[in-house]
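# Descriptive analysis of the structure
In case you want the letters, here they are:
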Amino acid sequence: IHQFAPPSAAYMARREGLSGSTVILDTNLVVTLHLVIRVLFTAFVFALARSHDRRALTRSCAAFLGGVSICAVIAFTDSRGWTSISSSLLGVGVSDGRGSGLTEHPNVVAMTCVIALPLMLWMLLGSRRARVLALAGLGCLLLGLYASRSRSGAGAAAIAAFVSFVWMPQYRRYLPTTGL
């Protein structure tokens, strides 16, 4: 991946620090644990909501998707230079054109957009009102993925969309199949 889309010099300079001798606390293990905790916590909240009330699952899903959409739009507008919301609220500025939205790093924006993508595709199967909101939210997610400029986020989004299309029977008819 680094051969086709190498990281920029500004991003690497920020990671390595000015002296080049600072220790990076974001090792692969720590980043992986952050991802697993976020994914498991989100699934736990949805399962807890479902066990409490059937309608609570839809409501908590809509609240999560609304929050991710807002974060993605903030990341996009900050990366374009139209606003400076993330630096005003969190002190995290835009580095090398990569917006972080309401998170600490652009890759986290991409990760939350990827987590929200299958849920947004599921919301597209709902009522007319839900479809309109889901289409608007899907556009926000794509803008957030673009603003994060995360290569792994783009790849994970493609995989998540494909798995969602395979998993949901309503979408399977749109998949190209051979001999099935």
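We now turn to the structure provided with this report. Because the structure is a prediction, the values reported are computed rather than measured. (Residues numbered from 1 in each chain as written. Predicted model: local features only at pLDDT ≥ 70, side-chain atom pairs only at ≥ 80, totals over all residues. Heavy atoms only, no water.)

Regarding its fold elements, the protein chain presents eight helices and zero strands. Along the chain direction, N to C, the helices and strands of the protein chain fall in the order α-α-α-α-α-α-α-α. Taking all 180 residues of the protein chain together, the buried fraction comes to 33%. Across the protein chain, the fraction of contacts at a sequence separation of at least 24, relative to all contacts at a separation of at least 6, is 61%. On the protein chain, roughly 11,500 Å² of surface is accessible, and the fraction owed to carbon and sulfur atoms is 68%. (Helix = DSSP H or I, 4+ residues; strand = E, 2+ residues; numbered from the N terminus. Buried < 20%, exposed > 50% of the residue type's maximum accessible area, 1.4 Å probe, protein only. Contact = heavy atoms within 4.5 Å. Areas by Shrake-Rupley, 256 points an atom, 1.4 Å probe, with all protein chains shown as cover.)

Within soluble globular proteins, side chains that are nonpolar generally end up buried alongside one another. The biggest cluster of nonpolar side chains holds 29 residues, and the ones touching the most others in it are Leu 65, Cys 113, Leu 117, Leu 121 and Leu 141. Mapped by element, the contributors of at least two residues to this core are α3 (54-80), α5 (106-123), α6 (128-148) and α7 (151-167). Residue contributions to this core peak at 10 residues, all from α5. Contact partners of Leu 65, with chain neighbours within four places excluded, come to Ala 116, Leu 119, Met 120 and Met 123. (Core = buried A, V, L, I, M, F, W, Y, C linked by side-chain atoms within 4.5 Å.)

Turning next to unusual backbone geometry. The backbone phi angle of Arg 149 is positive, close to 55°, even though this residue is not glycine. Look at Arg 149 and you get partly exposed, because its relative accessible area is 34%.

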